[in-house]
Amino acid sequence: MAGLYFHIPFCRRICAYCDFFRSAELKWLPAAVQAMHTEMDEQRDFLCDSNIRTIYFGGGTPSLVEPSQVQLLIDHAARLWDCSQVGEITLEANPDDITPEYVAALRSTDVNRVSLGVQSFDDEELRFMNRRHSAADAVAAVRRLQDAGIENITIDLIFGVDGFGEQVLERSLAQALELDVQHVSAYHLTIEQNTAFHRRLERGQMRIVAEEQSEREYALVHRRLTEAGYEHYEVSNFAREGYRAQHNSSYWHGEEYLGIGTGAHSFNGRVRRWSQQPVAEYIAERRYEEEILSEQAHRNERVMTALRCAEGIDLEAFESRFGAVAKEQILQAAKLWIAQGDVVVSERRMRIPTERFLISDAVIESLFEV
Ligand code: SF4
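Thresholds applied
Residues numbered from 1 in each chain as written. Predicted model: local features only at pLDDT ≥ 70, side-chain atom pairs only at ≥ 80, totals over all residues. Helix = DSSP H or I, 4+ residues; strand = E, 2+ residues; numbered from the N terminus. Expected span 1.5 Å × (residues − 1). Buried ≥ 20, exposed ≤ 12 C-beta atoms within 10 Å, placed from the backbone. Arc of directions from axis to C-beta. Contact = placed C-beta atoms within 7 Å. Near = placed C-beta within 6 Å. Nonpolar A, V, L, I, M, F, W, Y, C, P; charged D, E, K, R; others polar. Domains from an automatic or database assignment. Pairing = 2+ DSSP bridges.

Visitor: Break down helix α1 (residues 29-42) for me, citing the residues and quoting the values.
Guide: Helix length check: α1, at 14 residues, gives a terminal C-alpha distance of 20 Å against a target of 20 Å (1.5 Å per residue), a fit within 8%. Among the residues of α1, Leu 29, Ala 32, Val 33, Ala 35, Met 36, Glu 39 and Met 40 are the ones counted as buried. Projection of α1 onto a plane perpendicular to its axis shows the buried side chains occupying an angular sector of 160 degrees, all on one side. Those residues of α1 that are buried are in contact with β1 (2-8), α2 (67-80), β9 (256-260) and α10 (279-284).

Visitor: Before we move on, can you summarise the site of the ligand with the specific residues and values?
Guide: Neighbouring the ligand are the residues Cys 11, Ile 14, Cys 15, Cys 18, Phe 20, Arg 22, Gly 59, Gly 60, Thr 61, Asn 94 and Gly 117. The residue inventory of the shell around the ligand, partitioned by class, reads 5 nonpolar, 5 polar and 1 charged.

Visitor: Lay out the domain arrangement of the chain in plain terms, naming residues and giving numbers.
Guide: Partitioning the chain into domains gives domain 1 (2-250) and domain 2 (294-370). Measuring from the centre of the C-alpha atoms in domain 1 to the corresponding centre in domain 2 gives 28 Å. Taken together, the contact between domain 1 and domain 2 spans 8 residues of the former and 8 residues of the latter. Elements with a contribution of two residues or more to the side of domain 1 that touches domain 2: α8 (211-227) and β7 (231-234). With 4 residues, the top contributor of residues to the side of domain 1 that touches domain 2 is α8. Residues belonging to the side of domain 1 that touches domain 2 are distributed by class as follows: 3 nonpolar, 3 polar and 2 charged.

Visitor: Would you mind going over the environment of Met 304 in detail, with residue names and values included?
Guide: Tracing the sequence through the fold places Met 304 in helix α11 (residues 295-307). Here the alpha-carbon distance between Met 304 and Asp 361, two residues 57 residues apart in the chain, equals 8.3 Å.

Visitor: Describe the sheet that holds strand β13 (residues 313-314), and please don't skip the residues or the numbers.
Guide: The 3 strands lie next to each other as β13-β15-β14, forming an open sheet whose pairing is antiparallel. Edge positions in the sheet fall to β13 and β14 (344-346), since each has one partner strand and no second. Across 2 bridges, the pairing between β13 and strand β15 (residues 349-351) is antiparallel. Of the residues in β15, the one forming a bridge with Asp 314 is Arg 349.

Visitor: Please provide a residue-by-residue account of the pairing of strand β11 (residues 271-274), values included.
Guide: Across 3 bridges, strand β10 (residues 265-267) lies against β11 in antiparallel orientation. Within the sheet, the bridge partner assigned to His 265 lies in β11 and is Trp 274. Connecting β10 to the antiparallel partner β11 that follows it, the hairpin turn spans 3 residues, and Gly 269 within it adopts a positive phi of roughly 95 degrees. As defined by bridge partners, β11 adjoins strand β12 (residues 289-292) across 4 bridges and the pair is classed as antiparallel. Each residue of the ladder has a partner; that of Arg 272, found in β12, is Glu 291.

What follows is the structure, given as structure tokens:
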């Protein structure tokens, strides 16, 4: 089974923390969507497994595309690949695009899951991040989708923002719980190069939050959401039972995916391919960079994605794929973490307890084959 990803690389306004591949030149949007149809035809043979299980519209801001255009892309995909078993079609949306007209049009498409970029339910924090919606817009967007019968809604939240501590986070979490969405993705802010936050950091106008503050906020997110019945199933992801993100889970489980649109990535089990062309170039002609994954890269990737998930590494499957020596190596490398309780080995699995996920990057890096 494979995933199909459409990247819509346009935004009306650039958020202060964002280093995603996106453009504010909306004049190119119609031609870029047209080029995505052409790219699908060009890429029809990339996947080894052409059974599509999930479709995901990410960005950028996919809700800048008219729902009728979204459906045309879905229909085109169904003519190229077997989409008869597609269970989840997600569209990322900005809360202020979720007007009554937009929701009505969306209901006539096959989209059955909406991912809202809420980030915070605090107006001051939203302004600080240069988001273009208010907290009230976000609440209204969720309710509008729910009233229209969309039963699978996920929201993104950001924590670890300098100047906005646990009280603000607590209020955002309380609002998320009151809205009773099916899924929450909660990310710790990272300040990337070439972002407004990075420039503020260099000018001394903002700070990276202290480690203890990060730990407290992470613990708060984990506690509030798990106490409310959400399963903490991946480092940044929480789901009501039966509502794990299927498309993202397929990335974490090493399944194939095809990305369409400039800024999208693809993987067919052997080759990783991506395009990072300026939109105008992409419209004229698609070009890619490629990497053929080495055995070492496959192994490290398996360690990374598996340990970010609650189930961890299936040691038996790991051994049959990478050999007994490789299994012994990761068990040896994890010894100290195991002694500290940061890694648990039981029932043929090696995993990081969910309340210790915050240090997963350090654990994972130490288990890499170099
Ligand atoms: S965070 Fe999302 S909406 Fe904001 S600039 Fe980045 S891609 Fe666009």
